[in-house]
Number of protein chains: 2
Amino acid sequence: MNPMGFWNDQQLRSIDRMLNPQSIAVVGASPDLHIFRGRTLKVMLGHRYDGRIYPVSRSHAEVQGLDAYPSVAAAPEPIDLAILIIPAEFVPDELERCAAAGVKAAMILSSGFAETATPAGRDLQARVVAIAERHGMTVCGPNAEGFVNTAAALCPTFSPAVENLYIPLVPPWRTRGHVAVVAQSGGMGFALFDRGRPRELPFSYIVTTGNEACLETFEIVDHLLDEGRTDVFLLYLETIRDPRTFERAAARALEAGKPIIVAKIGRSEPGARASLAHTGAIAGDHAAYRAAFRRHGIIEAVDIDEMVDLAAGFSLYRERLPAGNRVGIGSASGGGGGWLADLCVGAGLTVPVLDPPTRALLDQRIPSYGSSQNPVDATAQAIVQAGYGELMRLIAGSSEIDAVIMVVSARITSTFERERDTLAAVARHSDKPIFLWSYTLPNPDTVRILSKAGYPLFTSMQACVRTIAAMARYRAIRERRLRGFDEPDAPGDAGATG
Amino acid sequence: MNPMGFWNDQQLRSIDRMLNPQSIAVVGASPDLHIFRGRTLKVMLGHRYDGRIYPVSRSHAEVQGLDAYPSVAAAPEPIDLAILIIPAEFVPDELERCAAAGVKAAMILSSGFAETATPAGRDLQARVVAIAERHGMTVCGPNAEGFVNTAAALCPTFSPAVENLYIPLVPPWRTRGHVAVVAQSGGMGFALFDRGRPRELPFSYIVTTGNEACLETFEIVDHLLDEGRTDVFLLYLETIRDPRTFERAAARALEAGKPIIVAKIGRSEPGARASLAHTGAIAGDHAAYRAAFRRHGIIEAVDIDEMVDLAAGFSLYRERLPAGNRVGIGSASGGGGGWLADLCVGAGLTVPVLDPPTRALLDQRIPSYGSSQNPVDATAQAIVQAGYGELMRLIAGSSEIDAVIMVVSARITSTFERERDTLAAVARHSDKPIFLWSYTLPNPDTVRILSKAGYPLFTSMQACVRTIAAMARYRAIRERRLRGFDEPDAPGDAGATG
């Protein structure tokens, strides 16, 4: 599990000190809540983190109700993690002082480094790298937006996405299938969190890495694989800085069956131009990236929505992936069933006619103007009389299919309220993944009931279908790999079509 | 404007009698709110329709507080529209009685006709057709789910999508760019309404047509073109029943610049199988459909979300379509800008570097760690100091671009509240369409502010980009058509990729 031995042990401890610190210095903390230096401390204090937080300020003795200290060295105990939110030109000297005070890890939120494409910015970044290397310090950023460790309720970030939260960072009933976000863009990293929470995605970490002067995405992935609290990875990449680290982490993730879902920016000339200006990233040749992703079963997503949808599916079903491409569709809306069938075929899935015994069971529950073929047009009457759960159970029981999509209307909660126990039992006993697609906009109460019962609920037809296709593909690639075969190069990659 | 002369006039009046009746009989109306016969009347009574509604019931003298009548003929005035919600076997005789009583139009909500694929069902449907033709009656359905006329607050349907509405059918400030839905599936037709309302789409009509035994989709489109209250069409099609009607309506819509957005089901074998079982529709050869759509500038959409997104764009900007493929992107998130740029290029758009004068203006407002190239990485600081509105105005002013995407975080309303007037002024004075994409989930208050200011707000990156590409393509096709050129057949259609 740890082919790199000592190096990795050390790295593991050091990244852990950053993500799971007991003591934190917030360098540059301010009482002004309109600026990042004030916002970051406020966001941190808004959560129940139970380590110690020390504001470091040259101008205030107290900041937001906490005693402040003139320097990191003056803090009353050794500091595990320093958050630096001071102008770029002061960062190298401050980092030296942190190292001298024994700080193990630093997260640099300041901008103004290599991403400015100026000699001054590049020089500042080179100094940061030199200091980190000299002292063996784990340094994340610069130009990062901080991170979230949900288990520790630790949010050292100025992202509004974790400000003013009135609901828990993770729904308490989501105890498995945790999703980590690692993003070279703070905005996009926290957007994934913002979009995933109403879907009840159980996030473990959101880590934004900015320019990645020292610590890079796949070192964090590698660390999280060792730590063991993460099952699915969502990565926003503008570049891959070290192919060796990438290869190691990607291979280990596939072996462990922990899918990596990436958005790789810079496929186009303007996208590459944007990445260079954003984090100083060299986008590189996308065909080479795509081949590397394919080799390791890494799933390329088109956009934020697709990343969240894929994560929703893998989070629940990574141990129950479809064994093949055959989908059974059940629907109260004959129109919705047909539409989904077209999309399934478009995504490389099949929608075979069900086997006669299954059809006989369904026909007992469906009126004559419905159909048991597949898509199963159950009609509204059968939903009322037999229920979604029973229909799903029967379709999932067919020998002809590997996954089920049930078309529902999640706007109204009462149906799901009534079927709560049946739905939970079907989810528990089925050995095939069952996906729900709602043609109406879901009521949040329905989302909660279905999340507790153990189902992913999709609103996008295309996303639902593409998630199933990606899961079947991932399982096939992983099984070939575990049997010792490499992925062949395929010219017509069925991945991202953006 | 009316090449078919008399026939069309008659048809127009007759369809109008269905969609804009003064008097309605609800045949089969029931006090039982758990069944369709009770639900339909209840839904109707939940809206401020100011025509007369007469329940017709053989077993009740009063239904839901209204006097009921034993037959349509017994109603106290001539009936414009009869809603039939009685078992299929009674429908033909009832339709005869309606005709005898002078009823001009009927909407048949009952199922059990040709879609059952039984001789009995086919025979019942043939009788309906014969009666309608003999009496010149406009008959919609059977197997339909009713319709909505928003201007008349008339909702003869059992769809839960228009039940218990606590907000108006159309936001009062959306006075232009009305969207009509015509759908061969009731579930999908009302799903489009359900999805479009939180986006503040101004719907004119939702008409569901079921089996289309008599009245078919493109007759309704043709009528709505004459009526003039609809600017954008969303069509769910399982088949096109009469190519001549289709050709006429499609050509007139393109000439009028009123885009038609379709989902055509039955591209795949299981999809076609589902359509046949659902409404008795013969799906036909999709390549032929696609060629016909292309010829008339009809836009094929992948799924419900894409239909709503396209409608949101065309509804606001059908008179300000992008003159070309060049997109200017502004963003507070450098990551989001680069990602969108990749998606633009993937959709056939370009993201050119802006002209020097525009860049000079932008550079005055953007800090050094941002970028004015395109995507414009404005940084959060410039959003706070210059504002979204000002940045959008500057980018839209560039000679190098035809449309603008501004990346925003719509979760927080205060920014938009503060910029309300600027935003409205920029929308009013710009001659280029400006699209907003939010990387966070929008607060409904933000949606309202932006809708009032005149902007479409997207949450899906892919949808935003594909909408712009579709609009540019539509404009190009229409302009060629108006100059007298037909669309060439293109093997690689850039339409739906599902």
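Here is what the cut-offs are and how they apply
Residues numbered from 1 in each chain as written. Chains lettered and ligands numbered in written order. Predicted model: local features only at pLDDT ≥ 70, side-chain atom pairs only at ≥ 80, totals over all residues. Heavy atoms only, no water. Core = buried A, V, L, I, M, F, W, Y, C linked by side-chain atoms within 4.5 Å. Buried < 20%, exposed > 50% of the residue type's maximum accessible area, 1.4 Å probe, protein only. Contact = heavy atoms within 4.5 Å. Pairing = 2+ DSSP bridges. Helix = DSSP H or I, 4+ residues; strand = E, 2+ residues; numbered from the N terminus. Polar contact = N/O pair within 3.5 Å; in protein donor to acceptor, adjacent residues only side chain to side chain. Buried area = accessible area lost by both parts, 1.4 Å probe. Salt bridge = Lys/Arg side-chain N within 4 Å of Asp/Glu carboxyl O. Least-squares fit on C-alpha atoms with pLDDT ≥ 70 in both. Axes fitted to C-alpha atoms, helices over the stretch in contact; angles between N-to-C directions. Parallel < 35°, antiparallel > 145°, perpendicular 65-115°, else oblique. Left-handed = near helix turned anticlockwise from the far one by under 90°. Nonpolar A, V, L, I, M, F, W, Y, C, P; charged D, E, K, R; others polar. pLDDT = per-residue confidence, 0-100.

Visitor: For this particular structure, what's the right way to read the nonpolar core?
Guide: Soluble, globular proteins show a tendency: their nonpolar side chains are buried together. With 187 residues, the main nonpolar core has Trp 437 and Tyr 455 of chain A together with Trp 437 and Tyr 455 of chain B as its most contacted residues. In contact with Tyr 455 of chain A, not counting residues within four places along its chain, are Leu 316, Tyr 317, Met 392, Leu 423, Val 426, Ala 427, Ile 434, Leu 436 and Leu 450 of chain A.

Visitor: Would you explain the sheet that holds strand 16 (residues 403-408) of chain B in this entry?
Guide: In any sheet, the strands associate via hydrogen bonds between backbone groups, in a parallel or an antiparallel arrangement. Within the open sheet, the five strands sit side by side as 15-14-16-17-18 (chain B). Their pairing is parallel. The open sheet is flanked by strand 15 (376-377) and strand 18 (457-458) of chain B, the only strands paired with a single partner.

Visitor: Is there a simple way to think about the side chain of Ser 372 of chain A in this case?
Guide: All names here are of chain A. Its place among the elements puts Ser 372 in the loop between helix 12 (356-363) and strand 15 (376-377). The exposure class of Ser 372 is buried, given its relative accessible area of 1%. Separated by 2.9 Å, the side chains of Ser 372 and Arg 359 make a polar contact. A polar contact of 2.9 Å, which involves the side chain of Ser 372, links it to the side chain of Asp 363. Excluding anything up to four places from it in sequence, Ser 372 contacts Leu 354, Arg 359, Leu 362, Asp 363 and Ile 366.

Visitor: Would you mind going over the interface of chain A and chain B with me for this structure?
Guide: When the parts come together, some accessible area is lost, and that loss is often what is quoted as the size of the interface. Contact residues are listed per partner, giving 67 residues for chain A and 67 residues for chain B. Between chain A and chain B the total buried area reaches about 5100 Å² when both faces are included, carbon and sulfur atoms providing 60% of it. On the chain A side of the interface with chain B, the three residues burying the most area are Arg 273, Trp 339 and Asp 342 of chain A, jointly 14% of the side's total. Summed over the shared surface of chain A and chain B, the number is two salt bridges.

Visitor: What am I meant to see in the relation of the copies chain A and chain B here?
Guide: Two copies of a chain can be linked by a rotation about an axis combined with a shift along that same axis. The two copies are related by a screw motion: chain A maps onto chain B through a turn of 180° and a shift of 0.0 Å along the axis, at an RMSD of 0.0 Å. What the rotation and shift describe, once combined, is the action of a two-fold rotation axis. With an isologous cut-off of 70% or more, the 100% of interface residues of chain A that recur at the interface of chain B puts this contact in the isologous class.

Visitor: Would you explain the environment of Ile 15 of chain A in this entry?
Guide: Residue and element names in this part refer to chain A. Position of Ile 15 among the secondary structure elements: in helix 1 (residues 6-19). Separated by 200 residues in sequence, Ile 15 and Leu 215 place their C-alpha atoms 8.8 Å apart. In this view, Ile 15 contacts Thr 138, Leu 215, Glu 219, Ile 220 and His 223; residues no more than four positions away in its chain are not counted.

Visitor: Would you mind going over the packing of helix 12 (residues 356-363) of chain B against helix 14 (residues 388-396) of chain B with me for this structure?
Guide: Each packed pair of helices is defined by two parameters, the angle between the axes and the distance between the axes. All names here are of chain B. The interhelical angle for the contact between helix 12 and helix 14, taken along N-to-C directions, is 165°, at an axis separation of 9 Å. As summarised for this structure, helix 12 and helix 14 are arranged roughly antiparallel, according to the angle between their axes. The handedness of the crossing between helix 12 and helix 14 is right-handed. From helix 12, Thr 358, Leu 361 and Leu 362 reach across to helix 14, where they touch Leu 391, Leu 394 and Ile 395. Grouping the constituent residues of the contact of helix 12 with helix 14 by class yields five nonpolar, one polar and no charged.

Visitor: It is not clear to me how the confidence of the model for chain A should be interpreted in this structure. Could you clarify?
Guide: All names here are of chain A. Overall, the predicted model of chain A reaches an average pLDDT of 92, with 95% of residues at or above 70. The low-confidence segment residues 491-498, where pLDDT is below 50, has 19 contacts with residues more than four positions distant or belonging to other chains. Reported confidences for the modelled complex are a pTM of 0.93 and an ipTM of 0.92.

Visitor: Would you mind going over the packing of helix 14 (residues 388-396) of chain A against helix 15 (residues 414-429) of chain A with me for this structure?
Guide: All names here are of chain A. Contact geometry for helix 14 and helix 15: axes closest at 8 Å, N-to-C directions at 30°. On the basis of the axis angle, helix 14 is roughly parallel to helix 15. Across the interface between the two elements, Tyr 388, Gly 389, Met 392 and Arg 393 from helix 14 touch Thr 415, Phe 416, Glu 419, Thr 422, Leu 423 and Val 426 from helix 15. Of the residues belonging to the contact of helix 14 with helix 15, the class tally is five nonpolar, three polar and two charged.

Visitor: In this structure, what is going on with unusual backbone geometry? I would like to understand it.
Guide: Backbone geometry follows two general trends: most residues other than glycine have a negative phi, and most peptide bonds adopt the trans configuration. A cis amide bond links Asn 374 of chain A with the next residue in sequence, Pro 375 of chain A, at an omega value of 0°. Looking at the element boundaries, Pro 375 of chain A is found in the loop between helix 12 and strand 15. With an omega of -5°, the peptide bond running from Gly 141 of chain B to Pro 142 of chain B counts as cis. Locating Pro 142 of chain B in the fold gives a position in the loop between strand 7 (138-140) and strand 8 (147-149). We note that Gln 64 of chain A has phi near 50°; this positive angle belongs to a residue other than glycine. Turning to its location among the elements, Gln 64 of chain A is positioned in the loop between strand 3 (62-63) and strand 4 (66-67). Using a relative accessible area of 26% as the deciding quantity, one classes Gln 64 of chain A as partly exposed.

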